[in-house]
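# Descriptive analysis of the structure
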Number of protein chains: 2
Amino acid sequence: MSNAQHSLDGLVEALRRLPGVGQKSAQRMAYHLLQHDRDGARQLSRALGQAADHILHCQRCHTFTETPVCSICLDETRDASLLCVLESPADQAALERTGSYRGYYFVLMGRVSPLDGIGAQDIGVAQLLERAADGKVEEVILATSFTAEGEATAHVLSQALKARGLRATRLARGVPVGSELEYVDLGTIAHALVDRR
Amino acid sequence: MSNAQHSLDGLVEALRRLPGVGQKSAQRMAYHLLQHDRDGARQLSRALGQAADHILHCQRCHTFTETPVCSICLDETRDASLLCVLESPADQAALERTGSYRGYYFVLMGRVSPLDGIGAQDIGVAQLLERAADGKVEEVILATSFTAEGEATAHVLSQALKARGLRATRLARGVPVGSELEYVDLGTIAHALVDRR
Ligand SMILES: [Zn+2]
Ligand SMILES: [Zn+2]
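Bear in mind the structure is a predicted one, so any value in this text is a computation, not a measurement. (Residues numbered from 1 in each chain as written. Chains lettered and ligands numbered in written order. Predicted model: local features only at pLDDT ≥ 70, side-chain atom pairs only at ≥ 80, totals over all residues. Heavy atoms only, no water.)

Quick look at the overall build of chain A now. Of the regular secondary structure elements, chain A holds eight helices and six strands. Along chain A, helices and strands appear, N-terminal first, in the series α-α-α-β-β-α-β-α-β-α-β-α-β-α. Taken across its 197 residues, chain A has 56% of its residues classed as buried. Across chain A, every contact between residues at least 6 apart in sequence was considered, and the portion connecting residues at least 24 apart equals 54%. As presented, chain A carries roughly 8800 Å² of accessible surface, and 51% of it is formed by carbon and sulfur atoms. Between the averaged position of the 21 positive side-chain charges in chain A and that of its 24 negative side-chain charges there is a distance of 2 Å. (Helix = DSSP H or I, 4+ residues; strand = E, 2+ residues; numbered from the N terminus. Buried < 20%, exposed > 50% of the residue type's maximum accessible area, 1.4 Å probe, protein only. Contact = heavy atoms within 4.5 Å. Areas by Shrake-Rupley, 256 points an atom, 1.4 Å probe, with all protein chains shown as cover. Lys, Arg positive; Asp, Glu negative; His and termini not counted. Charge placed at Lys NZ, Arg CZ, Asp CG, Glu CD.)

The structure is reproduced here in structure tokens:
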């Protein structure tokens, strides 16, 4: 319809790659940025390029990092006998904010989901077993979500860890059943941590 | 929480500038792109930069274009006696797809909205009056949406055009009341165009 179509169509198409964004939303976003927020468009462009090129997965805990090993894994003042397993960096950030955990982490970057064809191997169970077998870890705290998939993930990991002679605990059920960890208030998380079983 | 936070926080913050995207959605989008679609992140980065730097507003009709005047305005085979006024490039694209209109366009890039403090001057009524007074335009077809704001916009423009001795028509009410033009089926739009009053 006009010679702006190439750039505009390209932008709408690219915005559709964002999860939960369909054709109409993408069009609305593109118009908004072009009409009212060019600076926002340039800022987002830079942030995407920067993140895509520089963010790696930590070699020890798998969370997002810009260095081969993340700052938490490099922090030698932490308690090496504890390893907390989480589904995502958002869950990790929530637990960090409670200020009640001083061990290390392993971030699965996912959860077991048979319906989506995501099995234990896809969330790095082999790497977790290797990480947990460093001779220092005495307890692996399974802090996956208290959803069906999170529970299934905890179950699979618990079985695998126990088969290797490693002690696996689960956050106490103070965390409301059916909820995702990152939405839970910090006091509840802290309490559930103390009550782990 | 880790040294990826700077790039990651920057990405989440930039994604929040998209309309309708809050903190949780932005985080989800960032994780998705970093975890599953780095190519998508790079594609979106390029598309945003390209669009922000190269898309202009047509000097004659105000729609998005990459040249000073858009291809439709440059097309001399069109009927210069007709000027159709629309709210957005999406509405313009819908009307073009009907294949039943061969005049020129003026795209308001908005609509009168007293609640949002958007008045007639903000949608370029002065530029429209100047464009419509080129000595060739015989009829200005007001094809704003059949919503309260679209009707208010049409009313304001109609008054201003008639005060200058210009003929203003409105799409027929074949377009379902309460709907936005871009969502209407093409046959209905074509019929409403013939029935304009
Ligand atoms: Zn790490
Ligand atoms: Zn034009």
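Let's shift gears to the coordination of the zinc ion (ligand 1). Ligation of the zinc ion (ligand 1) by protein atoms is provided by Cys58 of chain A (SG), Cys61 of chain A (SG), Cys70 of chain A (SG) and Cys73 of chain A (SG), these donors lying 2.3 Å from the ion. Metal-centred angles of 106 to 117° between the four donor atoms at the zinc ion (ligand 1) mark the site as tetrahedral. (Donors = N, O, S within 2.8 Å, 3.2 Å for Na, K, Ca; no water. Tetrahedral: all angles 85-135°; square planar, octahedral: opposite > 155°, others 65-115°.)

Looking now at the UniProt feature "zinc finger region: C4-type" (unreviewed entry) in chain A. When the UniProt feature table is mapped onto this chain numbering, "zinc finger region: C4-type" (unreviewed entry) sits at residues 58-73 of chain A. The span residues 58-73 of chain A shows a helical share of 19% and a strand share of 12%, and its end C-alpha atoms are spaced 8 Å apart. (UniProt positions renumbered as here; feature names shortened; annotations may be inferred.)

The biggest cluster of nonpolar side chains holds 48 residues, and the ones touching the most others in it are Leu11, Leu15 and Leu18 of chain A together with Leu11, Leu15 and Leu18 of chain B. Counting only elements with at least two residues in this core, the list comes to α1 (5-15), α2 (23-36) and α3 (38-54) of chain A together with α1 (5-15), α2 (23-36) and α3 (38-54) of chain B. The contact partners of Leu18 of chain A, leaving out residues within four places of it in the chain, are Leu15, Leu18, Met29, Leu33 and Leu44 of chain B. Among the nonpolar cores identified, the runner-up in size contains 44 residues, and Cys73, Tyr105, Ile123 and Ile141 of chain A belong to it. (Core = buried A, V, L, I, M, F, W, Y, C linked by side-chain atoms within 4.5 Å.)

Octahedral metals with six donors have ideal donor angles of 90 or 180 degrees. Tetrahedral metals with four donors have an ideal donor angle of 109.5 degrees. Residue and element names in this part refer to chain B. At this site the zinc ion (ligand 2) is bound by Cys58 (SG), Cys61 (SG), Cys70 (SG) and Cys73 (SG), with donor distances of 2.3 to 2.4 Å. Around the zinc ion (ligand 2), the four donor atoms are arranged such that angles at the metal cover 105 to 118°; this shape is classified as tetrahedral. When its relative accessible area of 0% is taken as the criterion, Cys61 is described as buried.

What follows is about the domain arrangement of chain A. Domain assignment breaks chain A into domain 1 (7-20 + 27-54) and domain 2 (64-170). Put simply, the middle of domain 1 of chain A and the middle of domain 2 of chain A, counted by C-alpha atoms, are 34 Å apart. (Domains from an automatic or database assignment.)

All names here are of chain A. With respect to the secondary-structure elements, Arg170 resides in strand β6 (residues 168-170). Residue class for Arg170 comes out buried when judged on its relative accessible area of 7%. Within the structure, the side chain of Arg170 is placed 3.0 Å from the backbone oxygen of Leu142, a separation counted as a polar contact. Looking at Arg170, its side chain comes within polar contact range of the side chain of Glu151, at 3.3 Å. (Polar contact = N/O pair within 3.5 Å; in protein donor to acceptor, adjacent residues only side chain to side chain.)

This part is about the confidence of the model for chain A. Predicted confidence across chain A gives a mean pLDDT of 89, with 95% of residues reaching 70 or more. The complex prediction reports pTM at 0.75, with the ipTM value standing at 0.77. (pLDDT = per-residue confidence, 0-100.)

In this section: the sheet that holds strand β4 (residues 103-107) of chain A. Residue and element names in this part refer to chain A. Strand order in this open sheet of four strands is β4-β3-β5-β6, and the pairing throughout is parallel. Two strands bound the open sheet, and with one partner strand each, they are β4 and β6. The sheet shows a mean angle of 30° between the axes of neighbouring strands, taken without regard to direction. Two strands pair when backbone bridges link them, and strand β5 (residues 139-142) and β6 are joined in this way by three bridges, in the parallel orientation. From the neighbouring strand, Leu142 faces β6, where its bridge partner is Arg170. Sheet strands touched by helix α7 (residues 148-163): β3 (79-86), β5 and β6. Its angle to β6, the strand with the most contacts, is close to 160°. (Pairing = 2+ DSSP bridges. Axes fitted to C-alpha atoms, helices over the stretch in contact; angles between N-to-C directions.)

Another aspect to go through is helix α6 (residues 125-132) of chain B. Residue and element names in this part refer to chain B. The set of residues buried in α6 consists of Val125, Leu128, Leu129, Arg131 and Ala132. With its buried residues spanning 165° around the axis, α6 presents them on a single face. Along α6, exposed side chains directed more than 90 degrees from the buried face belong to Ala126 and Glu130. (Arc of directions from axis to C-beta.)

Moving on, we get to the relation of the copies chain A and chain B. The two copies are related by a screw motion: chain A maps onto chain B through a turn of 180° and a shift of 0.0 Å along the axis, at an RMSD of 0.1 Å. These values place the two chain copies in the arrangement generated by a two-fold rotation axis. The position closest to the rotation axis in chain A is occupied by the C-alpha of Ser45 of chain A, lying 2.0 Å away. Looking at chain A, 100% of its interface residues are interface residues in chain B too, so the copies touch through the same face. (Least-squares fit on C-alpha atoms with pLDDT ≥ 70 in both.)

Another point: the interface of chain A and chain B. With 59 residues of chain A at the contact, the number on the chain B side is 60 residues. Both sides together, the interface formed by chain A and chain B hides about 5500 Å², and carbon and sulfur atoms give 59% of it. Between chain A and chain B we count four salt bridges in total. The partner of Asp53 of chain B in a salt bridge is Arg42 of chain A, and the shortest N-O contact between them spans 2.9 Å. (Buried area = accessible area lost by both parts, 1.4 Å probe. Salt bridge = Lys/Arg side-chain N within 4 Å of Asp/Glu carboxyl O.)

Moving on: the packing of aromatic side chains. The tally for this structure, following the rule as stated, stands at four aromatic pairs over all chains. Ring centres of Phe64 of chain A and Tyr31 of chain B lie 5.8 Å apart, and the angle between their planes is 35°; this geometry places the pair in the tilted category. Within this pair, whereas Phe64 of chain A is found in strand β2 (residues 64-65), its partner Tyr31 of chain B is found in helix α2, the two belonging to separate chains. By the burial criterion, Phe64 of chain A is buried, and Tyr31 of chain B matches it. The ring of Phe146 of chain A has Arg170 of chain A sitting right over it, with the charged end atom 4.2 Å from the ring centre. (Phe/Tyr/Trp six-rings, centres within 6.5 Å; stacked < 30°, edge-to-face > 60°. Lys NZ or Arg CZ within 6 Å of the ring centre and 35° of its normal.)

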